[in-house]
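# Observations on chain architecture
Okay, here's what each chain looks like letter by letter:
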Amino acid sequence: MDSASVISPLSIMPLVIAGITLYVGATHLYLFSRLRQQREHLTFALTCWCMTVLSIATAGMYATRPEMVAPAWQRARAAALSLVTAAFVLFLMDYMRKKPRAEVAAPSDLYNRK
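Residues numbered from 1 in each chain as written. Predicted model: local features only at pLDDT ≥ 70, side-chain atom pairs only at ≥ 80, totals over all residues. Heavy atoms only, no water.

## Notes on the environment of V84
- Mapped onto the secondary structure, V84 falls in helix α3 (residues 70-95).
- The class for V84 is buried, based on a relative accessible area of 10%.
- Between the alpha carbons of V84 and V53 there is a distance of 8.9 Å; along the sequence they are 31 residues apart.
- If we skip the residues at most four places from it in the chain, V84 touches C50, M51 and L54. (Helix = DSSP H or I, 4+ residues; strand = E, 2+ residues; numbered from the N terminus. Buried < 20%, exposed > 50% of the residue type's maximum accessible area, 1.4 Å probe, protein only. Contact = heavy atoms within 4.5 Å.)

## Topic: helix α1 (residues 12-34)
- Over its 23 residues, α1 extends 34 Å from the first C-alpha to the last, a length consistent with the 33 Å expected when each residue adds 1.5 Å.
- Within the sequence span of α1, burial applies to P14, A18, T21, G25, H28 and F32.
- Elements that come into contact with the buried residues of α1 comprise α2 (40-63). (Expected span 1.5 Å × (residues − 1).)

By themselves, these observations are geometric and do not establish any function.
Okay, here's the thing in structure tokens:
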């Protein structure tokens, strides 16, 4: 058995987490199909599936050697983290029953407000 076909022990836990979040996301999508008026189930399912992509990218990054394709996995992980952040904000807005604003403040504006 060569070293390329053996899975790294470091990448096992992110894969377990990916499976769990995939299942939780599917469960909340089912809940949304039953309870259409509660949109937070849909956005939570989206958040879970984005977390699944993030966990798979993390497992891929841990499974490769740095000189091989780790930078590609790091880029995928950064993109997935952006998706998780956006999905989580949507979930929070649905959970708190807030309407999305037309304009969004830049992150630096949050520090400049009094």
